[in-house]
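# Inside the fold
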Amino acid sequence: MSGEEEENAAELKIPDEFLKAKCLMNCEVALILEHKYEQLQQMADDPMNQMSQVFEKSLQYVKRFSRYKNPDAVRQVREILSRYQLAEFELCVLGNLCPETVEEAIAMVPSIKTRGRAHDDEAIEKMLNDLSLIKKFE
């Protein structure tokens, strides 16, 4: 992206370093932090002494706002969303917020309709149905 072009996430006009960056959904971060928490518990008599407040608050946050708790479900969500050639941040927004309708998905991530590989409403509906099945059977 050139320096003179104005950034606009709705149209996916963001710097290349953000387009290429690996993003994680809250549920993925929760799995990572929970694993680290377990490691800290094994290494110390009192794990709370080993953890910073930032770590504790971050773990609480991602656990609270994670839509998927089961590690298999987390993997399936990423796999399903990856099939739709979404940018990483688009994938994470949809995985974190779990829109229920096509209209909600487009409102949250307008670039899924405005980008060159714009998805039609049926494709978005199928994607949302696949995600809701994972949540239903988790």
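Whatever comes next refers back to the structure up there.
So, here is what we can say about the structure in this document. (Residues numbered from 1 in each chain as written. Predicted model: local features only at pLDDT ≥ 70, side-chain atom pairs only at ≥ 80, totals over all residues. Heavy atoms only, no water.)

### A short note on the nonpolar core
Within the largest apolar cluster, 24 residues are counted, with the highest numbers of intra-cluster contacts made by Y68, V77, L81, L86, L94, I124 and M127. Of all the elements in the fold, those that place two or more residues in this core are α5 (71–82), α6 (88–97), α7 (102–108) and α9 (121–137). Apart from residues lying up to four places away in sequence, L94 is in contact with L81, L86, P99, A105, V109 and M127. (Core = buried A, V, L, I, M, F, W, Y, C linked by side-chain atoms within 4.5 Å. Buried < 20%, exposed > 50% of the residue type's maximum accessible area, 1.4 Å probe, protein only. Helix = DSSP H or I, 4+ residues; strand = E, 2+ residues; numbered from the N terminus. Contact = heavy atoms within 4.5 Å.)

### Comments concerning unusual backbone geometry
One non-glycine residue, Q85, lies in positive phi territory at about 50°. Its place among the elements puts Q85 in the loop between α5 and α6. The exposure class assigned to Q85 is exposed, which follows from its relative accessible area of 55%.

### Thoughts on the packing of aromatic side chains
Within this structure, the stated rule accounts for 1 aromatic pair. Relative to F65, the ring of Y61 lies with its centre 4.8 Å away and its plane at 45°, an arrangement referred to as tilted. With Y61 and F65 both in helix α4 (residues 53–65) and 4 residues apart, the pair spans about one turn of that helix. Taking NZ or CZ as reference, K135 lies 5.7 Å from the ring centre of Y68, over its face. (Phe/Tyr/Trp six-rings, centres within 6.5 Å; stacked < 30°, edge-to-face > 60°. Lys NZ or Arg CZ within 6 Å of the ring centre and 35° of its normal.)

### Describing the environment of A73
Topologically, A73 is positioned in helix α5. In this structure A73 comes out as buried when scored by relative accessible area, which is 4%. Taking the C-alpha atoms as reference, A73 lies 6.6 Å from E138; in sequence the two are 65 residues apart. A73 has contacts with Y68, I134 and E138, leaving out every residue within four places of it along the chain.

### What to know about the layout of surface pockets
Estimates place the volume of the largest pocket at around 170 Å³. The wall of the largest pocket is formed by R67, Y68, C98, P99, E100, L128, N129, L131, S132 and K135. Partitioned by chemical class, the residues of the lining of the largest pocket number 5 nonpolar, 2 polar and 3 charged. (1 Å grid on protein atoms, 1.4 Å probe; cavity = no way out; pocket = protein on both sides within 12 Å on 5 of 7 lines; lining within 4 Å. Points joined across faces, edges and corners; volume = space filled by probe spheres on them. Nonpolar A, V, L, I, M, F, W, Y, C, P; charged D, E, K, R; others polar.)

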